[in-house]
Amino acid sequence: MSIDRIYEQVVNRNPGEVEFHQAVREVLESIEPAIEKHPEFMSSKVIERLVEPERVIMFRVPWVDDSGEVQVNRGFRVQFNSAIGPYKGGLRFHPSVYLGIIKFLGFEQIFKNALTGLAMGGGKGGSDFDPKGKSDTEVMNFCQSFMTELSRHVGPDTDVPAGDIGVGRREIGYMFGQYKRLVNRFEGVLTGKGPEWGGSLGRPEATGYGLVYFTQEMLKAQGDDLKGKTVSISGSGNVAQFALDKCLQLGAKVVTLSDSSGCIYDPDGIGRDKFEYVVRLKEIKRGRIKEYAEEYDVEYVDGGRPWDYPCDIALPSATQNELDGADANTLADNGVMAVAEGANMPSTPEAIEVFLEKGILFGPAKAANAGGVSVSGLEMSQNSQRLSWSFQEVDQKLQEIMRNIYLTTAENGKKYGAEGNFVVGANVGGFMKVARAMMDLGVI
Ligand code: NDP
């Protein structure tokens, strides 16, 4: 069956799951040169098997809110591919979550995890539950109910979830507590845990720091670096905050942040004090980014996104499809030199086309944001050994991993006739490892 026909079949078999279709299309288009060189992948139906999850779990999550009313949400875990290791990938709690979002994220995770060089398969999960505006007790009730079902399907050698949008240390804590109580074992079933109860130092920082390390590698290859550059970041959650932190450490000036309500622009730069204000605002007060504009008297655009403001580097770090073709053209017209994806699939296909056509350095999510899952992999290793490594040790390993991901990505682009195209490089790099493993393991 041709690649086009496989894609058609994916669309027909998974109606309405538009984000999943988009993620599959990008991968299938970019691995074509690798498939031409390896006809055995087609005859063994590796691609047809790859696009079908090994297992999809969907379940009811009933819980009681503060007024005593019963609420019902829907929970998901998609165990996509375990050819190279236990399923690994985050849990997302957001009202927009449905099967198509979890499948797109789980599918991308297969290739991302392969690129890290660690033994991790791909999976993803979550719920349409919205933690925003809920009390701690409500979040705990929900998390305990969610884990009561999920605990039947996960385990330290089977499937190890982590956080994602709407799931941070608080949610991981409530879920880990419930798992431990149900199975009566203290084991590494989740990553992103607190350092006092099995978490790795450096995990909260890992995705944002890794994103900036990857960006540095792209710039370094051009004889440049981040020092003195103006950076636009979207989002103001985990990834955005630590990307900002690392940009500050490396001497760059960050001028934007956003949330789902709007965007702020601070032309003087979000310095150390302002960064600490953002962390308090988002992690403790759980407030809106608009309050930053009120505090520091800067521009706030309701419903706005950061891409209209001039910058050298853009780091989209909020959510999928948050940067479209028109935004990409605006960024290009304003002289952007590099874009690296902190979020998963934040750039639409049209935006990616603009970046590639105009020769703008473009780091796709699978490579650029793989730092988070990499340190999750390191957390799994520490849990298995019952050891904790220092922050410096973890950060050093993260830097090495991001450098290796950059090299794998750059080399594979070149090898398959697309030098400088890191989309092809990342997809082929991840795909080759998983495809070879699937061949070795037989038809399963
Ligand atoms: P958080 O929940 O900590 O933060 C998410 C941020 O994005 C918030 O500022 C949120 O605003 C904003 N956001 C969420 N949904 C939308 C939307 N529909 N439109 C506009 N803004 C939105 O999540 P993370 O920082 O962990 O995740 C951000 C992205 O990074 C996601 O794509 C995630 O998949 C990806 N990622 C995360 C990793 C991790 O380790 N955490 C690892 C790899 C990728 P608001 O508060 O208003 O909702």
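Please refer to the structure placed before this passage.
Because the structure is predicted, anything quoted here is derived from the model rather than measured.

Rules behind the numbers
- Residues numbered from 1 in each chain as written.
- Predicted model: local features only at pLDDT ≥ 70, side-chain atom pairs only at ≥ 80, totals over all residues.
- Heavy atoms only, no water.
- Near = heavy atom within 4 Å.
- Polar contact = N/O pair within 3.5 Å; in protein donor to acceptor, adjacent residues only side chain to side chain.
- Areas by Shrake-Rupley, 256 points an atom, 1.4 Å probe, with all protein chains shown as cover.
- Helix = DSSP H or I, 4+ residues; strand = E, 2+ residues; numbered from the N terminus.
- Patch = residues over 30% accessible without salt bridge, like charges linked within 9 Å, V, L, I, M, F, W, Y side chains within 5 Å.
- Salt bridge = Lys/Arg side-chain N within 4 Å of Asp/Glu carboxyl O.
- Pairing = 2+ DSSP bridges.
- Phe/Tyr/Trp six-rings, centres within 6.5 Å; stacked < 30°, edge-to-face > 60°.
- Buried < 20%, exposed > 50% of the residue type's maximum accessible area, 1.4 Å probe, protein only.
- Expected span 1.5 Å × (residues − 1).
- Bend = angle between axes of the 7 residues up to and from the residue.
- Axes fitted to C-alpha atoms, helices over the stretch in contact; angles between N-to-C directions.
- Parallel < 35°, antiparallel > 145°, perpendicular 65-115°, else oblique.
- Left-handed = near helix turned anticlockwise from the far one by under 90°.
- Contact = heavy atoms within 4.5 Å.
- Nonpolar A, V, L, I, M, F, W, Y, C, P; charged D, E, K, R; others polar.
- Disulfide = S-S within 2.5 Å.

## Points about the site of the ligand
Here is step 1: As a matter of local geometry, the ligand sits amid 24 residues, with Asp164, Thr207, Ser260, Arg288 and Asn344 nearest to it.
Here is step 2: Between Gly342 and the ligand, the recorded distance is 3.4 Å, taken from a backbone N or O atom to an oxygen atom.
Here is step 3: Burial of the ligand by the surrounding chains reaches 84%, relative to a free accessible area of 890 Å².
Here is step 4: Elements with a minimum of two residues in the shell around the ligand: α8 (203-220) and α9 (238-249).

## Concerning a nonpolar patch on the surface
Here is step 1: Among the surface-exposed residues, Val64, Val70 and Val72 lie close enough to one another that they form a single nonpolar patch of about 260 Å² accessible area.
Here is step 2: With respect to the helices and strands, the residue Val72 is situated in strand β2 (residues 70-81).

## As for the pairing of strand β1 (residues 55-64)
Walk down a regular strand and you will see the side chains alternate between the two sheet faces.
Here is step 1: Sheet topology note: the β1/β2 ladder contains 10 bridges and is antiparallel. Residue pairing in the sheet places Pro62 in a bridge with Val72 of β2.
Here is step 2: Where β1 folds back on β2, the antiparallel hairpin that results is connected by 5 residues, among which Gly68 adopts a positive phi of roughly 90°.

## Notes on the packing of aromatic side chains
Here is step 1: By the definition in use, this model includes 24 aromatic pairs.
Here is step 2: Measuring from centroid to centroid gives 6.3 Å for Tyr209 and Tyr213, while their planes differ by 70°, and the two rings are edge-to-face. Of this pair, Tyr209 and Tyr213 both sit in helix α8, 4 residues apart, roughly one helical turn.
Here is step 3: For Tyr209, a relative accessible area of 6% puts it in the buried group.
Here is step 4: A residue is classified by how much of its surface remains accessible, and Tyr213, at 9% relative accessible area, is buried.
Here is step 5: Arranged with centres 5.8 Å apart and planes meeting at 70°, the rings of Phe214 and Tyr406 form a pair that is edge-to-face. Highlighted residues: Phe214 in helix α8 and Tyr406 in helix α16 (residues 391-415), separated in sequence by 192 residues. Side by side, Phe214 and Tyr406 carry an identical accessibility label, which is buried.

## Structural notes on the side chain of Ser127
Here is step 1: Among the secondary structure elements, Ser127 is positioned in strand β4 (residues 121-127).
Here is step 2: Ser127 gets classed as buried once you look at its relative accessible area, which sits at 0%.

## Re helix α5 (residues 99-115)
Here is step 1: Its 17 residues place the ends of α5 25 Å apart at the C-alpha level, agreeing with the 24 Å of an ideal helix rising 1.5 Å per residue.
Here is step 2: Along α5, the sharpest kink reaches roughly 25°, centred on Gln109.
Here is step 3: Of all the 17 residues making up α5, 17 are buried; the element is thus mostly covered by neighbouring parts of the structure.
Here is step 4: The first or second residue beyond α5 is Gly117, which carries a positive phi of 85°.

## Section: the sheet that holds β4
Here is step 1: Reading across the sheet, the 5 strands line up as β1-β2-β4-β3-β5 and stay open at both edges, with mixed pairing between neighbours. In the strand order of this sheet, the two ends are held by β1 and β5 (159-162), each with one partner. For this sheet, the mean inter-axis angle between neighbouring strands, taken without regard to orientation, is 20°.

## Brief notes about the pattern of salt bridges
Here is step 1: On inspection of all chains with the given rule, the structure shows 25 salt bridges.
Here is step 2: Residue Glu29 is joined to Arg25 by a salt bridge in which the shortest nitrogen-to-oxygen separation is 3.0 Å. Separated by 4 residues within a single helix, Glu29 and Arg25 lie in helix α2 (residues 18-37), roughly one turn from each other.
Here is step 3: With a shortest N-O distance of 2.9 Å, Asp259 and Lys282 are connected by a salt bridge. With Asp259 in the loop between β7 (253-258) and β8 (262-265) and Lys282 in helix α10 (residues 272-284), this residue pair connects regions lying 23 residues apart in the sequence. Exposure class is identical for Asp259 and Lys282. Each is buried.

## So, the packing of helix α6 (residues 136-150) against helix α7 (residues 169-183)
Here is step 1: Where α6 contacts α7, the axes come no closer than 8 Å and their chain directions differ by 45°. Comparing their axes, α7 and α6 come out oblique. Between α6 and α7 lies a crossing whose hand is right-handed. Along its contact with α6, which presents Asp136, Val139, Met140, Cys143, Gln144, Phe146, Met147 and Thr148, the element α7 presents Arg170, Glu171, Tyr174, Met175, Gln178, Tyr179, Arg181 and Leu182.
Here is step 2: Looking at the contact of α6 with α7, its residues break down into 9 nonpolar, 3 polar and 4 charged.

## Describing the state of the cysteines
Here, the word disulfide means a covalent bond between the sulfur atoms of two cysteines.
Here is step 1: Taken as a whole and judged by the stated rule, the model has 0 disulfides.
Here is step 2: You can see Cys263 has no disulfide; the closest cysteine sulfur is in Cys311, sitting 11 Å from it.
Here is step 3: Cys263 gets classed as buried once you look at its relative accessible area, which sits at 1%.
Here is step 4: Here Cys311 is not cross-linked by a disulfide; its sulfur's nearest cysteine counterpart is in Cys247, at 11 Å.
Here is step 5: Given a relative accessible area of 4%, Cys311 falls into the buried group.

## A short note on the packing of α16 against helix α17 (residues 422-440)
For any two helices packed against each other, the geometry comes down to the angle between their axes and how far apart the axes lie.
Here is step 1: Two elements in contact, α16 and α17, have axes whose closest approach is 7 Å; the angle formed by their N-to-C orientations is 105°. One way to sum up the angle between α16 and α17 is to call them roughly perpendicular. For the pair α16 and α17, contact is made by Tyr406, Thr408, Thr409, Ala410, Asn412 and Gly413 and by Phe422, Gly425, Ala426, Val428 and Gly429, respectively.
Here is step 2: Looking at side-chain class alone, the contact of α16 with α17 contains 5 nonpolar, 6 polar and no charged residues.

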